[in-house]
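Descriptive structure summary
Now for the letters of each chain:
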Amino acid sequence: MQRVLFVLRGDEVDAEALLEVARDLSDSDELAVCRLLPAATDAFVEGIRAQRETTTLLRRALGPRAERIAIFVAYEGDAAGLAECVEAWSPTIVRP
């Protein structure tokens, strides 16, 4: 079993890369996504938007399996952001 943390940098989701990673996992593997956004003027609103966008994409592509994928949001300007995602998820693999 692998615990994969897939890091998406920037405002736009690389949908093809994300879905490729999700589809390549076995049933026993677990996936989490960390959206690493640029520093936002309204971090709360941008964070919610990023979570919704990522969840919608995963639901369309993976159906019910998407509900098992954790989504974290961090910000480029926050040095601890990505580290906190890693600490919270404890992945065996981090993929950029």
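Structure: above.
In this report, we go over the structure that sits alongside the text. Every residue gets a number counted from 1 within its own chain, in the order that chain's sequence is written. This being a predicted model, a pLDDT of at least 70 is required before a residue's local features are given, and a value of 80 or more before pairs of side-chain atoms are given or counted; all residues contribute to the totals for chains, interfaces and linings. Side-chain figures throughout are based on the complete set of non-hydrogen atoms in the structure, without hydrogens or water.

**Looking at the overall build of the protein**
For the protein, the count of helices and strands is three helices and four strands. Counting from the N terminus, the helices are DSSP H or I runs at least four residues long and the strands are E runs at least two residues long. Secondary structure elements of the protein, listed N to C terminal, follow the sequence β-α-β-α-β-α-β. For the protein, the C-alpha radius of gyration of 13 Å lies close to 12 Å, the compact-globule estimate for 96 residues. With respect to the principal axes defined by its C-alpha atoms, the protein has extents near 40 × 25 × 20 Å. Contacts between residues were defined by any pair of non-hydrogen atoms, one from each residue, lying within 4.5 Å. Partitioning the intrachain contacts of the protein with sequence separation of at least 6 by distance along the chain shows that 73% fall at a separation of at least 24. Per-residue and other accessible areas follow the Shrake-Rupley method at a 1.4 Å probe size, with only the shown protein chains counted as cover for residues. Here the protein has roughly 5,600 Å² of accessible surface; of this, 51% comes from carbon and sulfur atoms. Counted as positive: Lys and Arg. Counted as negative: Asp and Glu. His and the chain ends are not counted at all. By convention, the charge on Lys lies at NZ, on Arg at CZ, on Asp at CG and on Glu at CD. Distance from the positive charge centre (11 side chains) to the negative charge centre (17 side chains) of the protein: 5 Å. It is over C-alpha atoms that the radius of gyration is taken, and the globule rule equals 2.2 Å times the number of residues to the power 0.38.

**Observations concerning the pattern of salt bridges**
Salt-bridge detection follows one rule: a side-chain nitrogen of Lys or Arg within 4 Å of a carboxyl oxygen of Asp or Glu. All told, the structure shown has six salt bridges when counted by the stated rule. Measuring nitrogen to oxygen at the nearest pair gives 3.0 Å for the salt bridge that ties Arg35 to Glu53. Pair noted here: Arg35 is in strand β2 (residues 30–37) and Glu53 is in helix α2 (residues 43–62), with a separation of 18 residues, a long-range link. One salt bridge connects Arg49 with Glu53, and the closest N-O pair in it is separated by 3.3 Å. Note that Arg49 and Glu53 are positioned in helix α2 at a spacing of four residues, about one turn of the helix. On the basis of relative accessibility, which here comes to 30%, the residue Arg49 falls in the partly exposed class. The buried label applies to any residue whose accessible area, calculated with a 1.4 Å probe on protein chains only, is under 20% of its type's maximum; exposed applies above 50%, and partly exposed to all values in between.

**Things to note about the nonpolar core**
Take the buried Ala, Val, Leu, Ile, Met, Phe, Trp, Tyr and Cys residues and link them wherever side-chain atoms come within 4.5 Å; each set so joined is a nonpolar core. Of all hydrophobic cores here, the largest spans 16 residues; its most connected members are Phe6, Leu8, Leu18, Leu31, Leu58, Leu62 and Ile69. Only β1 (3–9), α1 (15–24), β2 and α2 provide two or more residues apiece to this core. Looking at this core element by element, the count peaks at four residues for α1. With residues up to four places along the chain from it excluded, the contact list for Leu31 reads Val4, Phe6, Val21, Ala22, Leu25, Arg68, Ile69, Ala70 and Trp89. Formed by eight residues, the second largest nonpolar core is a distinct cluster that contains Val7, Cys34, Ala74 and Trp89.

**Some remarks on the environment of Phe44**
Counting through the fold element by element, Phe44 comes out in helix α2. Among the residues examined, Phe44 registers a relative accessible area of 63% and is labelled exposed.

The quantities given are spatial measurements derived from coordinates; they are silent on function.
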